[in-house]
Amino acid sequence: GVPRHVASLKDLEPTPVMTKIQRGLRVGGLVKELEAQNTIGKWSELAWAKKITFHAARANINDFDRFRVDRARRQRAFCLRKKFAEKLTKAGKEAKAKKAD
């Protein structure tokens, strides 16, 4: 986390996750309320948090893992193209199926 500090409103971005607290709460009380209301758990379930985690993980991989991710992406795209071409062939659109394949 980040230590408590003064932040301007233009630097903040509201999220759908909210914790009900009183004004002037100290760090210990804030941590208790965050845990009691499961605010961190709710945040980690949001697509926004998952996207941030995903981007951080992708930024910290080495060359070999980057190669493996790229290879898996290309294999997945190949399988999708193949299935799409089969559906086009069944629909009677062989010319489009050849382009997709």
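Note: the structure precedes this text.
The paragraphs below set out a description of the structure included in this document. (Residues numbered from 1 in each chain as written. Predicted model: local features only at pLDDT ≥ 70, side-chain atom pairs only at ≥ 80, totals over all residues. Heavy atoms only, no water.)

**Regarding the pattern of salt bridges**
Alright, step 1. The full count for this structure, using the stated rule, is 4 salt bridges.
Alright, step 2. A salt bridge links Arg68 to Asp65; its shortest N-O distance comes to 3.4 Å. Here Arg68 pairs with Asp65, and both are found in helix α4 (residues 63–90), just 3 residues apart, close to one helical turn.
Alright, step 3. A relative accessible area of 26% places Asp65 in the partly exposed class.
Alright, step 4. Of the charged contacts in the structure, one is a salt bridge between Arg73 and Asp70, with a shortest N-O distance of 2.8 Å. Of this pair, Arg73 and Asp70 both sit in helix α4, 3 residues apart, roughly one helical turn.
Alright, step 5. Residue class for Arg73 comes out partly exposed when judged on its relative accessible area of 43%.
Alright, step 6. Judged by relative accessible area, Asp70 falls into the partly exposed class, the value being 28%. (Salt bridge = Lys/Arg side-chain N within 4 Å of Asp/Glu carboxyl O. Helix = DSSP H or I, 4+ residues; strand = E, 2+ residues; numbered from the N terminus. Buried < 20%, exposed > 50% of the residue type's maximum accessible area, 1.4 Å probe, protein only.)

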